[in-house]
Amino acid sequence: MTQNVQVSDSYWLQTAPGGAPRPALAEVLDVDVAVIGAGVAGLSAAWELTRAGRSVAVLEAGRVAAGVTGYTSAKLTVLHTLVYDRLRRTRGPEGARLYARSQSEAIEHAAGIVAELGIDCDWETRDAYTYVRDPGGVDELRAEAAAAEEAGLPASFVTETGLPFPVAGAVKVTGQAQFHPVKYLLALAADLEARGGRIFEGTTVQGLDEGEPCRVRTEAGATVTARDVVVATHYPIFDRALLFARLSPRRELVVAGTVEADRDVDGMYITPEENTRSVRTAPLADAGRRLLVVTGEHFTPGTGDTRERFARLAAWADEHFPGVERTHAWATQDIDPTDTVPMVGPLHPGAHHTYVATGFGGWGLSGGMMAGRLLTAQITREECAWSGLYDPRRLRTAVREAPALLKTQAEVARHFVGDRLRPTPPVEALPPGEGAVVRAGGDRLAVYRDEEGALHAVSPRCTHLGCLVDFNAAERAWECPCHGSRFGTDGRVLEGPATKPLERREI
């Protein structure tokens, strides 16, 4: 791999079956449940609800599985870096056991769906590892292994792995899985539609009336009437319980390339060291080779030079897997909760028919599958042992972990105020392929100069809550550092919570 990293689409999206876009919603629709978002959480919930006999409509602003789920590293595991020792301390041993059980059952359920529907999604059983190379981190890993085992997982502390370099220690959990997430979700969507569910793409939701029944309003003016509504947009587009104050966006980079099959690392690996490094492989049509997927370099959207981060990640892959031929480079986005556990359940304390799934902290595949089952149980009024663990209305743990919450809000305030005080470059200084927030005629503008030299200007104010965006030169996108909204160079929304584009401006 060279360090001149050119960003591509994700491997999962490039190799998924094609198909014509589904039509946008252009009618008044009446269903039992409206699901907003067609990623793993939304489609899992919709599929489960359809199987439970509910009429369901899925409203997706883009294409099915083409959002965050389409850019994941696609590891399906209960080993979420370092979580069980912390849960044992903050939620008690029972909380850690419920977390482990809920995630384990979600993965087992997904394996059953793959078998039942005959989904060809490169499903492979693999062991998962959280490792460190610094001996100073071994005690923490031993505690994590003990906590994970106490929580009921097949976990152990080991010092040998399939990585091509020595480690000081690792937590190992056996019997986990990796797969092609887009192939899986496209099959789930097809089965959902075969059972009467409806999916609308290119349908941006902008309004929600929580009456009885609820009413969901789209950008185009269409309306869905539903008894229940699920908001599964990754970062929630509605904030009716101060969820924004308890969530922080995190972007992470991925480089991938081919390696000889006999150099397979035989497992799924992650370390919190070196600003995170995650490694796995995937099968290719050429049985003699596999795809090596390396992830890391997490950062807040709209901060720093993403090109340098891609170069560092590519250099790390070069060093540890010499000779790998890079084929792809992309980025993904995660949402971290301030108190460790995802938020899945009623949208706010007064909600009776609106639900949310968010804050999966980088583990949205098992978390999203768990959320689909949990939300279905809540909507169909069935008991679920871990409803309380994931309840978004929880306050006790939010108060207990107040320093994390205050740090998150301090960062938002710093960007909201400080970014307005930054010096701005002259627009004449922008080279082709670059963008910056500049001053022109007394106003701030977000300006991008394309490869032909033409200038494209939009408002720099994020349409979510008004923070100033910054330019990601590697991915050529405007990004909001406050809550993670992302926009194209023409202002169109690439990722929420924003639902409206940046206003176009003349320069």
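A brief look at the structure comes next. (Residues numbered from 1 in each chain as written. Predicted model: local features only at pLDDT ≥ 70, side-chain atom pairs only at ≥ 80, totals over all residues. Heavy atoms only, no water.)

### Remarks on empty space enclosed by the protein
So, step 1. Tallied over the entire structure, the rule returns two cavities of 30 Å³ or more.
So, step 2. If you add up the space inside the largest cavity, you get close to 50 Å³.
So, step 3. Around the largest cavity, the lining residues are Ser44, Glu48, Ala106, His109, Ala110, Ile113, Tyr184, Met369 and Arg373.
So, step 4. If one sorts the elements of the lining of the largest cavity by residue count, helix 4 (residues 92-117) sits on top with four residues.
So, step 5. Class assignment of the residues belonging to the lining of the largest cavity gives a composition of five nonpolar, two polar and two charged.
So, step 6. One number sums up the size of the second largest cavity: a volume of about 40 Å³.
So, step 7. What lines the second largest cavity is Lys75, Thr77, Leu79, Ala128, Tyr129, Thr130, Met268, Tyr269, Ile270 and Trp363.
So, step 8. Elements that contribute at least two residues to the lining of the second largest cavity include exactly strand 4 (124-132) and strand 12 (268-271). (1 Å grid on protein atoms, 1.4 Å probe; cavity = no way out; pocket = protein on both sides within 12 Å on 5 of 7 lines; lining within 4 Å. Points joined across faces, edges and corners; volume = space filled by probe spheres on them. Helix = DSSP H or I, 4+ residues; strand = E, 2+ residues; numbered from the N terminus. Nonpolar A, V, L, I, M, F, W, Y, C, P; charged D, E, K, R; others polar.)

### Looking at the layout of surface pockets
So, step 1. Estimates place the volume of the second largest pocket at around 310 Å³.
So, step 2. Along the wall of the second largest pocket there are 14 residues; nearest its centre are Pro17, Gly18, Arg63, Val64 and Leu186.
So, step 3. Broken down by class, the residue content of the lining of the second largest pocket amounts to eight nonpolar, two polar and four charged.

### Description of helix 2 (residues 40-51)
So, step 1. Counted at 1.5 Å a residue, the expected span for helix 2 with its twelve residues is 16 Å, and the 16 Å between its end C-alpha atoms agrees.
So, step 2. In terms of burial, helix 2 is largely enclosed, as eleven of its twelve residues are buried. (Expected span 1.5 Å × (residues − 1). Buried < 20%, exposed > 50% of the residue type's maximum accessible area, 1.4 Å probe, protein only.)

### Topic: helix 5 (residues 138-150)
Because an α-helix packs 3.6 residues into every turn, residues spaced three or four apart end up facing the same way.
So, step 1. In this model, helix 5 (13 residues) spans 18 Å end to end at C-alpha, consistent with the 18 Å of a helix rising 1.5 Å per residue.
So, step 2. Among the residues making up helix 5, those that are buried are Val138, Leu141, Glu144, Ala145, Ala147 and Ala148.
So, step 3. Of the surrounding elements, those touching the buried residues of helix 5 are helix 3 (84-90), strand 4, strand 5 (155-158) and strand 6 (169-178). (Contact = heavy atoms within 4.5 Å.)

### A look at the sheet that holds strand 21 (residues 470-472)
So, step 1. Here we have four strands laid out as an open sheet, ordered 21-22-23-24, and antiparallel in their pairing. Single-partner strands in this sheet number two, and they are strand 21 and strand 24 (493-495). (Pairing = 2+ DSSP bridges.)

### Let's talk about the side chain of Arg486
So, step 1. Structurally, Arg486 is set in strand 23 (residues 486-487).
So, step 2. Classification of Arg486 by relative accessible area gives buried; the value is 7%.
So, step 3. Once residues within four sequence positions are removed from consideration, Arg486 is found in contact with Arg251, Gln333, Asn472, Glu475, Ala477, Trp478, Glu479, Arg492, Val493, Leu494 and Glu495.

### What about the packing of helix 2 against helix 6 (residues 181-194)?
So, step 1. Interhelical geometry of helix 2 versus helix 6 gives an angle of 30° and a closest axis separation of 10 Å. Between helix 2 and helix 6, the interaxial angle falls into the category roughly parallel. Note that helix 2 runs across helix 6; the crossing there is left-handed. Packed against helix 2, whose contacting residues are Val40, Leu43, Ser44, Ala46, Trp47, Thr50 and Arg51, the element helix 6 presents Leu185, Leu188, Ala189, Asp191 and Leu192 at the interface.
So, step 2. Looking at side-chain class alone, the contact of helix 2 with helix 6 contains eight nonpolar, two polar and two charged residues. (Axes fitted to C-alpha atoms, helices over the stretch in contact; angles between N-to-C directions. Parallel < 35°, antiparallel > 145°, perpendicular 65-115°, else oblique. Left-handed = near helix turned anticlockwise from the far one by under 90°.)

### Brief notes about the side chain of Arg394
So, step 1. Inspection of the secondary structure assignment puts Arg394 in the loop between helix 9 (387-390) and helix 10 (396-400).
So, step 2. Take Arg394: its relative accessible area is 9%, and that puts it in the buried class.
So, step 3. Within the structure, Arg394 has its side chain in polar contact with the backbone oxygen of Tyr390 (distance 3.3 Å).
So, step 4. Sequence-distant contacts of Arg394, defined by excluding residues within four places in its chain, comprise Arg91, Arg246, Asp339, Val341, Pro342, Met343 and Leu389. (Polar contact = N/O pair within 3.5 Å; in protein donor to acceptor, adjacent residues only side chain to side chain.)

### Focus: the environment of Leu188
So, step 1. With respect to the helices and strands, Leu188 occurs in helix 6.
So, step 2. Using a relative accessible area of 1% as the deciding quantity, one classes Leu188 as buried.
So, step 3. Between the alpha carbons of Leu188 and Ala311 there is a distance of 36 Å; along the sequence they are 123 residues apart.
So, step 4. Other than its neighbours up to four places away in sequence, Leu188 contacts Leu43, Ser44, Trp47, Ile113 and Leu117.

### A word on the state of the cysteines
So, step 1. Overall, the coordinates contain one disulfide when judged by the stated rule.
So, step 2. One disulfide in the model links Cys467 with Cys482; its S-S distance is 2.0 Å. In this structure, the disulfide formed by Cys467 and Cys482 twists by about -90° around the S-S bond and is classed as left-handed. Taken as a pair, Cys467 in the loop between strand 20 (455-458) and strand 21 and Cys482 in the loop between strand 22 (477-479) and strand 23 lie far apart in primary sequence, 15 residues in all. Comparing Cys467 with Cys482 shows no difference in burial state: the two are buried.
So, step 3. Cysteine Cys462 remains unbridged, with the sulfur of Cys480 as its closest cysteine sulfur at 4.0 Å. (Disulfide = S-S within 2.5 Å.)

### Focus on the pattern of salt bridges
Side chains carrying opposite charge are able to pair once their charged atoms draw close together.
So, step 1. Applying the stated criterion across every chain, the model contains 39 salt bridges.
So, step 2. Its salt-bridge partner being Asp490, residue Arg504 comes within 3.9 Å of it at the nearest N-O pair. Here Arg504, found in strand 25 (residues 504-505), pairs with Asp490, found in the loop between strand 23 and strand 24; they are 14 residues apart in sequence, far enough to count as distant.
So, step 3. With relative accessibility at 29%, the residue Asp490 sits in the partly exposed group.
So, step 4. Among the ionic contacts, a cluster of salt bridges with common partners joins Arg22, Arg63, Glu193 and Glu201. (Salt bridge = Lys/Arg side-chain N within 4 Å of Asp/Glu carboxyl O.)

### Topic: the pairing of strand 11 (residues 247-260)
So, step 1. Counting buried residues along strand 11, twelve of its 14 residues qualify, which places the element largely inside the surrounding structure.
So, step 2. With twelve bridges connecting them, strand 11 and strand 15 (residues 325-337) associate as antiparallel partners. Bridging across to strand 15, Thr258 finds its partner in Glu325.
So, step 3. The sheet contact formed by strand 11 and strand 14 (residues 289-299) spans nine bridges and is antiparallel. Paired with Arg251 across the two strands is Phe299, which belongs to strand 14.

Such coordinate-based values are descriptive only and should not be taken to indicate function.
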